[in-house]
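So you can see what is in the structure, the chains are spelled out below.
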Number of protein chains: 4
Amino acid sequence: MKIGMIGLGRMGGNMARRLMAGGHQVVAYDRDADAVAKLTADGAEGVGSLDAVRDKLDTPAIWWVMLPAGEITEGTIAQIAEKAKAGDIIIDGGNSFYKDDIRRAKMLRDKGIEYVDVGTSGGVWGKERGYCMMIGAEPGIMEHLDPIFETLAPGAGTIPRTPGRIAEKVDQRAEKGYIHAGPAGAGHFVKMIHNGIEYGLMQAYAEGFDILKSKNSDKLPEDERFDLNLTDIAEVWRRGSVISSWLLDLTAIALAKDEMLAQFSGHVADSGEGQWTIDAAMEEKVPANVLTASLFARYRSRVEHTFGDQVLSAMRFGFGGHVEIPQ
Amino acid sequence: MKIGMIGLGRMGGNMARRLMAGGHQVVAYDRDADAVAKLTADGAEGVGSLDAVRDKLDTPAIWWVMLPAGEITEGTIAQIAEKAKAGDIIIDGGNSFYKDDIRRAKMLRDKGIEYVDVGTSGGVWGKERGYCMMIGAEPGIMEHLDPIFETLAPGAGTIPRTPGRIAEKVDQRAEKGYIHAGPAGAGHFVKMIHNGIEYGLMQAYAEGFDILKSKNSDKLPEDERFDLNLTDIAEVWRRGSVISSWLLDLTAIALAKDEMLAQFSGHVADSGEGQWTIDAAMEEKVPANVLTASLFARYRSRVEHTFGDQVLSAMRFGFGGHVEIPQ
Amino acid sequence: MKIGMIGLGRMGGNMARRLMAGGHQVVAYDRDADAVAKLTADGAEGVGSLDAVRDKLDTPAIWWVMLPAGEITEGTIAQIAEKAKAGDIIIDGGNSFYKDDIRRAKMLRDKGIEYVDVGTSGGVWGKERGYCMMIGAEPGIMEHLDPIFETLAPGAGTIPRTPGRIAEKVDQRAEKGYIHAGPAGAGHFVKMIHNGIEYGLMQAYAEGFDILKSKNSDKLPEDERFDLNLTDIAEVWRRGSVISSWLLDLTAIALAKDEMLAQFSGHVADSGEGQWTIDAAMEEKVPANVLTASLFARYRSRVEHTFGDQVLSAMRFGFGGHVEIPQ
Amino acid sequence: MKIGMIGLGRMGGNMARRLMAGGHQVVAYDRDADAVAKLTADGAEGVGSLDAVRDKLDTPAIWWVMLPAGEITEGTIAQIAEKAKAGDIIIDGGNSFYKDDIRRAKMLRDKGIEYVDVGTSGGVWGKERGYCMMIGAEPGIMEHLDPIFETLAPGAGTIPRTPGRIAEKVDQRAEKGYIHAGPAGAGHFVKMIHNGIEYGLMQAYAEGFDILKSKNSDKLPEDERFDLNLTDIAEVWRRGSVISSWLLDLTAIALAKDEMLAQFSGHVADSGEGQWTIDAAMEEKVPANVLTASLFARYRSRVEHTFGDQVLSAMRFGFGGHVEIPQ
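Residues numbered from 1 in each chain as written. Chains lettered and ligands numbered in written order. Predicted model: local features only at pLDDT ≥ 70, side-chain atom pairs only at ≥ 80, totals over all residues. Heavy atoms only, no water.

In the nomenclature of an unreviewed UniProt entry, chain A is known as 6-phosphogluconate dehydrogenase of Sphingomonas abaci. In the Pathway (unreviewed entry) part of its UniProt record, chain A is described as follows: "Carbohydrate degradation; pentose phosphate pathway." If you open the UniProt record of chain A and go to Sequence similarities (unreviewed entry), you find "Belongs to the 6-phosphogluconate dehydrogenase family." (UniProt positions renumbered as here; feature names shortened; annotations may be inferred.)

**Q** Mind laying out the overall build of chain A, listing which residues take part and the relevant values?
**A** Within chain A one finds 14 helices and eight strands. Taken over the C-alpha atoms alone, chain A extends approximately 75 × 45 × 45 Å along its principal axes. Across the 327 residues of chain A, 62% fall into the buried class. By sequence separation, contacts in chain A at least 24 residues apart represent 63% of the contacts at least 6 residues apart. Working note: accessible area of chain A is about 11500 Å², and carbon and sulfur atoms make up 51% of it. Counting 36 positive and 47 negative side-chain charges, chain A places the averaged centre of each group 2 Å from the other. (Helix = DSSP H or I, 4+ residues; strand = E, 2+ residues; numbered from the N terminus. Buried < 20%, exposed > 50% of the residue type's maximum accessible area, 1.4 Å probe, protein only. Contact = heavy atoms within 4.5 Å. Areas by Shrake-Rupley, 256 points an atom, 1.4 Å probe, with all protein chains shown as cover. Lys, Arg positive; Asp, Glu negative; His and termini not counted. Charge placed at Lys NZ, Arg CZ, Asp CG, Glu CD.)

**Q** Mind laying out helix H7 (residues 139-152) of chain D, listing which residues take part and the relevant values?
**A** Residues and elements named next belong to chain D. For H7, with 14 residues, the first-to-last C-alpha span of 19 Å sits near the 20 Å given by 1.5 Å per residue. In H7, a bend of some 55° at Leu 145 exceeds every other bend along the element, and Pro 147, a proline, comes one to four places later. Residues Ile 141, Met 142, Leu 145, Asp 146, Ile 148, Phe 149, Thr 151 and Leu 152 constitute the buried set of H7. (Expected span 1.5 Å × (residues − 1). Bend = angle between axes of the 7 residues up to and from the residue.)

**Q** Could you give me a rundown of the relation of the copies chain D and chain B, with the residues and numbers involved?
**A** Once chain D has been moved 0.0 Å along the axis and rotated by 180°, it coincides with chain B to within an RMSD of 0.0 Å. Seen this way, the second copy is the image of the first under a two-fold rotation axis. Most of the interface of chain D is mirrored in chain B, where 100% of its interface residues again form contacts. (Least-squares fit on C-alpha atoms with pLDDT ≥ 70 in both.)

**Q** Could you give an account of the pattern of salt bridges, with specific residues and numbers?
**A** Opposite charge on two side chains permits pairing when their charged atoms draw close. Tallied over the full model, the rule gives 95 salt bridges over all chains. For D:Lys99, the salt bridge is made with D:Glu283, and the minimal N-O distance between the two is 2.6 Å. Linking D:Lys99 in helix H5 (residues 98-109) with D:Glu283 in helix H12 (residues 272-284), this pair joins segments that are 184 residues apart in sequence. By relative accessible area, which is 25% here, D:Glu283 ends up partly exposed. D:Arg238 is the partner of D:Glu235 in a salt bridge, and the nearest nitrogen-oxygen pair spans 3.0 Å. Relative accessible area serves as the criterion here: at 6%, D:Arg238 is assigned to the buried category. Here the residues in one salt-bridge network are A:Arg161, A:Arg165, A:Glu175, D:Asp232, D:Glu235, D:Arg238, D:Arg239 and D:Asp249, joined through shared partners. (Salt bridge = Lys/Arg side-chain N within 4 Å of Asp/Glu carboxyl O.)

**Q** Any chance you could break down the sheet that holds strand S8 (residues 178-182) of chain A for me, citing the residues and the numbers?
**A** All names here are of chain A. A sheet is described by the order of its strands in space; here eight strands give the open sequence S3-S2-S1-S4-S5-S6-S7-S8, paired in mixed fashion. Taken across any chain shown, the strands that pair with only one partner, and hence form the sheet edges, are strand S3 (45-46) and S8. Both strand S6 (residues 114-121) and strand S7 (residues 132-136) contribute to a ladder of five bridges, which runs antiparallel. The partner of Gly 119 across the bridge, within S7, is Met 134. Across the face of the sheet, helix H1 (residues 10-21) comes into contact with strand S1 (2-6), strand S2 (25-29), strand S4 (62-65) and S6 while running at roughly 165° to S1. (Pairing = 2+ DSSP bridges. Axes fitted to C-alpha atoms, helices over the stretch in contact; angles between N-to-C directions.)

**Q** Can you tell me about the interface of chain D and chain B, naming the residues and giving the values?
**A** With 22 residues of chain D at the interface, the matching set in chain B holds 22 residues. Linking B:Asp270 and D:Lys285 is a salt bridge whose minimum nitrogen-to-oxygen distance equals 3.7 Å. Here chain D is connected to chain B by two residue pairs in polar contact (both at pLDDT 80 or more). Elements that contribute at least two residues to the side of chain D that touches chain B include exactly H12 and helix H13 (289-301) of chain D. Ranked by residue count, the leading element in the side of chain D that touches chain B is H13(D), at seven residues. (Polar contact = N/O pair within 3.5 Å; in protein donor to acceptor, adjacent residues only side chain to side chain.)

**Q** Before we move on, could you go through the nonpolar core and cite the residues and values that matter?
**A** Formed by 239 residues in total, the largest nonpolar core has its most connected members in A:Trp237, B:Trp237, C:Trp237 and D:Trp237. Every residue in contact with A:Trp237, bar those within four places of it in the chain, is listed here: A:Phe209, A:Leu212, A:Ile243, A:Ser244, A:Leu248, D:Cys132, D:Met134, D:Val190, D:Ile193, D:His194 and D:Ile197. (Core = buried A, V, L, I, M, F, W, Y, C linked by side-chain atoms within 4.5 Å.)

**Q** With reference to specific residues and values, describe the interface of chain D and chain A.
**A** Each partner contributes to the interface: chain D provides 88 residues, whereas chain A provides 87 residues. Each partner contributes to the roughly 7100 Å² buried at the junction of chain D and chain A, and carbon and sulfur atoms together form 68% of this total. On the surface where chain D and chain A come into contact, there are four salt bridges. Taken together, the links from chain D to chain A amount to 36 residue pairs in polar contact (both at pLDDT 80 or more). Examining the composition of the side of chain D that touches chain A, we find that 19 residues originate from one element, helix H9 (residues 186-215) of chain D, more than from any other. (Buried area = accessible area lost by both parts, 1.4 Å probe.)

**Q** Tell me what's going on with the confidence of the model for chain A, and back it up with residues and numbers.
**A** In this model, chain A carries a mean pLDDT of 94, and residues with pLDDT of at least 70 account for 98%. The ipTM, which scores confidence in the relative placement of chains, is 0.96 for this predicted complex, and the corresponding pTM is 0.96. (pLDDT = per-residue confidence, 0-100.)

**Q** Help me get a handle on the packing of helix H9 (residues 186-215) of chain C against helix H13 (residues 289-301) of chain C, residues and values and all.
**A** All names here are of chain C. Two numbers describe how H9 lies on H13: the axes approach to 8 Å, and their chain directions differ by 75°. In terms of orientation, H9 lies roughly perpendicular with respect to H13. Contacts from Gly 196, Ile 197, Tyr 199, Gly 200, Met 202 and Gln 203 of H9 reach H13 at Val 290, Leu 291, Ser 294, Leu 295, Ala 297 and Arg 298. Its residues placed into classes, the contact of H9 with H13 shows seven nonpolar, four polar and one charged. (Parallel < 35°, antiparallel > 145°, perpendicular 65-115°, else oblique. Nonpolar A, V, L, I, M, F, W, Y, C, P; charged D, E, K, R; others polar.)

**Q** Report on the relation of the copies chain D and chain A, specifying residues and quantitative values.
**A** For the pair chain D and chain A, the superposition axis carries a translation of 0.0 Å, the fit reaches an RMSD of 0.0 Å, and the rotation angle comes to 180°. A symmetric contact is evident, with 99% of the interface residues of chain D recurring at the interface of chain A.

**Q** Describe the UniProt feature "domain: 6-phosphogluconate dehydrogenase C-terminal" (unreviewed entry) in chain A, with residues and values.
**A** The positions that UniProt labels "domain: 6-phosphogluconate dehydrogenase C-terminal" (unreviewed entry) are, in the present scheme, residues 187-322 of chain A. Overall, residues 187-322 of chain A shows 65% helix and 0% strand. The separation of its end C-alpha atoms is 53 Å.

**Q** Outline helix H4 (residues 71-83) of chain D, supporting the account with residue identities and numerical values.
**A** All names here are of chain D. For H4, with 13 residues, the first-to-last C-alpha span of 19 Å sits near the 18 Å given by 1.5 Å per residue. For H4, the set of buried residues is Thr 73, Thr 76, Ile 77, Ile 80 and Ala 81. In an axial view of H4, the angular spread of the buried residues amounts to 145°, which keeps them on one side of the axis. In this structure, H4 carries Glu 71 and Glu 82 as exposed residues pointing more than 90 degrees from its buried face. (Arc of directions from axis to C-beta.)

**Q** Describe the environment of A:Leu230, naming the residues involved and giving the relevant values.
**A** Assignment of secondary structure puts A:Leu230 in helix H10 (residues 230-237). Residue classification places A:Leu230 among the buried residues on the basis of a relative accessible area of 1%. Sequence spacing of A:Leu230 and A:Phe209 is 21 residues, and the spatial spacing of their C-alpha atoms is 7.4 Å. Those residues within four positions of A:Leu230 in sequence are excluded, and the remaining contacts are A:Phe209, A:Leu212, A:Lys213, A:Leu255, A:Glu259 and B:Phe307.

**Q** Tell me about the domain arrangement of chain A, and name the residues and values.
**A** All names here are of chain A. Looking at chain A, the domain boundaries give domain 1 (2-160 + 168-182) and domain 2 (191-307). Computed over C-alpha atoms only, the centres of domain 1 and domain 2 are separated by 32 Å. At the interface, 12 residues of domain 1 touch nine residues of domain 2. On the domain 1 side of the interface with domain 2, the three residues burying the most area are Asn 95, Phe 97 and Trp 125, jointly 44% of the side's total. Scanning the region where domain 1 abuts domain 2 turns up one salt bridge. (Domains from an automatic or database assignment.)

**Q** Describe the side chain of B:Thr151, naming the residues involved and giving the relevant values.
**A** Residue and element names in this part refer to chain B. Along the chain, the position of Thr 151 falls in helix H7 (residues 139-152). Judged by relative accessible area, Thr 151 falls into the buried class, the value being 16%. Dropping the residues within four chain positions of it, Thr 151 is found in contact with Arg 18, Leu 19, Gly 22 and His 24.

**Q** Describe the sheet that holds strand S1 (residues 2-6) of chain C, with residues and values.
**A** Residue and element names in this part refer to chain C. Read from one edge of the open sheet, eight strands run S3-S2-S1-S4-S5-S6-S7-S8, paired in mixed fashion. Pairing within the sheet leaves two strands with one partner each, and these edge strands are strand S3 (45-46) and strand S8 (178-182). This element, helix H5 (residues 98-109), spans strand S5 (89-92) and strand S6 (114-121) of the sheet and lies at about 155° to S6.

**Q** Quick rundown of the packing of aromatic side chains? Include the residues and the values.
**A** Within the structure shown, the criterion is met by 44 aromatic pairs over all chains. Centre to centre, the rings of A:Phe226 and D:Phe189 are 5.7 Å apart; their planes meet at 65°, and the pair counts as edge-to-face. Of this pair, A:Phe226 sits in the loop between helix H9 (186-215) and H10 while D:Phe189 sits in helix H9, on two different chains. Taken together, A:Phe97, A:Tyr98, A:Phe189, A:Trp276 and D:Phe226 form an aromatic cluster joined through their ring pairs. The ring of A:Tyr199 has A:Arg298 sitting right over it, with the charged end atom 3.8 Å from the ring centre. (Phe/Tyr/Trp six-rings, centres within 6.5 Å; stacked < 30°, edge-to-face > 60°. Lys NZ or Arg CZ within 6 Å of the ring centre and 35° of its normal.)

This is the structure in structure tokens:
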């Protein structure tokens, strides 16, 4: 099929390449002309404007927007909506908030334009491994786009079939690495929860390795310490343990390179999904202590002290005359 | 009555003074001769050794040990145990772990010595306000010591009687500001939970004031900010609100002095009670998310970054190529 | 002054009575004619419609809306806005979301109507004790309404002045029990954080008393149990301890009545403020583990099991063959 | 080699079988004669007493104790210590507390007996997949036992080598699925943290799937719901997503069988490791909010209501007159 790829950064560029490797044609646009040139060299039809994208595409056109969530995506979709023809399909493959998808789909439907939201996991490894995708779309549109998603997805590969899966009863797509999650918004909703879980998993490993490392340290009296090899521990857990995972594989790689992780400052960013996951939990009245604590650990990592800490010290001074000396 | 006070620091010295003001006699000892001299000037019988303490006391002697919890208290009680006569009473007024009390009481009972543990709240304000005390002791010993505790306690004062309290059915002591919590260990157990709760209350205020202060800050776009006066907010909450408390009074004092709390570094210490409270919760399988999070916030306040944060960054680099830049 | 009180429930009715006791005149309206009749009997000018309220009030009129937050308040304010004259003041004394206040104030200002949001704490005790109020308003309007707030507020009373408060530098109102927090929305924002803190304080006590009670229980081997008297513990903590507070007073009252608290089911409701507090924390990137855990404990209290618990059991069965038997 | 296997339950029996399949000889003992008979039928030398175990073993003998942690393991090791000869090796393959290992190793060393602690992960799947093992032992003993561990471990298999691992610098054992973690206690310490992490990972998935499922439910207004297929979501996340893991594979299996997980009651047990992990974190002053919240979620799953919930309701009744009605 022929797809317009808008946004040729780390994600969009590689997805375009994987599409072309799978036999699709890509019309490529980015505000950065260099990015366009690079992708043109790799076989895409590079263009210099959204209008040019539309000219090169068939009708109905498929516009795949792969930009940072927020104003850039919002503005770009608004621009495309003006250039699109009835029946065109606009796909937001970024990390938009799912309520924005619902709003946009409604607004575009009034113009006869289809809207599809694709939550994508796999990061920089996706070009080779394939992208795991969670998709919100009308059923007919979903079927129309299946060839694209099949190409982008990892496919069944070597990952064994889940025992008990009854092929007739389930969406065949899941085993290939993508799903039709529901109508507009459902794709990004599932991706949002995916990222919420991701934060929780990461924090669980982080706390565990912190306890391991501190067991070696002068935080403890000398006769209570061990001399644990974190690199080997991460490695052995990859092999037959209950906590083996891809995130553990990545941790093992990082520790093998430098067990001190000295290149990492410890300031940890968060994107919107963690926060939105907690919002969703609160709307549904679902307790989510682990996902929340994981998000808050990241907030905390980015400040030296909180005002709350100072309030604590002030109270302690108030009732006990304690003066806190930085250690 | 005549009491030997061992340890004349901020707490012990003031308790001795309150006892003397209440008509009791105090034999005072501390390793620091200056502390002994000061208390002697205030009317105590100062001495230079534990042996001298014993000499000055009646039989049975009352030894009140008011030292930092841990090795110092443990060692001092062991020394006193050697000098004490049968029937003597050793009181640990510090913040010992309640299981240590149970062990000591058993060990001392074999020697015919009584052991009493007193958990004390009130901090530096106790000398004037009186000390709130939670006491573990044999019933007969408790009665014997009542005059001492009555003097140290705040007394009923102006705090109104709790509606519904039926005087006949309850321990009269509670309304005077001290209780017989149970056998040895029970006093420090109740005090331990008191401190666990204290951490939780403090952290609740800390987080609330942090959110208030951040609402004024450049963490938010300019049109979403307020210009809240934290000092006035603390003040108004003291007056008729559901969250009025003594800890809020202390916060209001600190904010009135400097709303920025600039003198407080934000490194917050914790004594053993918070940790032991979580241990008790786990032994009883009681979920205690708030008390635990409060303790952990203090641990976190004392380090610049955790290794866990670095593990998170390493994973993020692994799957997304993210390089975390300190902000 | 003359005030129209819209909504004569537990809060509105008592506030009207306190206003009248303070020399103000109240025009009273409620959809429930009985409530109107009762307040008329207590001295108010009861009326049967919003139009009648307007007729009875001076110009500019003061409309105090005291209704449950949400659609009812929203709809009523919209109706009043149609009947109000330029210069009229509409006060929302309920628990509205502060962003709704900002939106309403803007909308009403275009019509020449003033909007004021009043966050109120004190619950059913406010009629006698006075109401602690946090107010969002334009400065001129605030001054105009001062006589009303002074009457409703507790006044300085017996609560001592905070040491270090310099009278000239601070808003005199705070010591009387109300503050001008800022423009529209600021009042409810501060009240929202107040409730967030309230949840945290309550949960800290709740966890502490749970650990105390469980120490008496068969969750522990017999030789590790105590026989703690929770009623006396709550009582003694009221007297000189660091954790004394009004919430503790209420706990002491409840325990004095029935130490088992058998009349309370353990289903704990939450109103919107707890959730909005977490939203605010996340917008500001402030870690708020305690306030969040407190909110989630309430969610959890209202369901028998979570699906999450079942997912855990399913995994345990998967890797260990564990079959969980309800205990 | 020849190994005495003490305890032929789900774990011990299968480990014995894997050892025999790898060419080792097993002397098998269990208090349950049936278990002995079954293993004898599978090729072991079944015996009826610990004395008989010793008789059948060479010198130095290798005793592998595979029993539930706690009194049974403690008592059995004490009995074996009496029957063992100098140079014998006692291996505790269960889930003992690592401080018990340190104590036992010291005690046994005085008798000339070696002690080894083996933390084992892999559950019921270990017989086929191999057991991931973390081992505390003296270096010489470790080398002596290598053939046994190599047989039990999964071996390198199809799991790819971690990029960046420099073979010369690291313990070769890790890539085969077992490590020499350090001296006695280190094996169980690492296994303990493994389980602490496991709790955290599980709870992260549990919360995420709970939020997904609740999005389908009548907890939300009808127009805010989706109709998400949890089975397909678990499946698709196995394929290329950042959160793929073995625990997710198990979740996918369970959901494929019954998306409602109706057979699982939601009462979730915890073994000691989760609690000990928190103890270790507190000893080291490492914040571990996620691991703790995961443990507490399990405590909470096993009770209908907490006393803490009732305390909250009692306070709410106290200040607001709220009567909580179970929903």
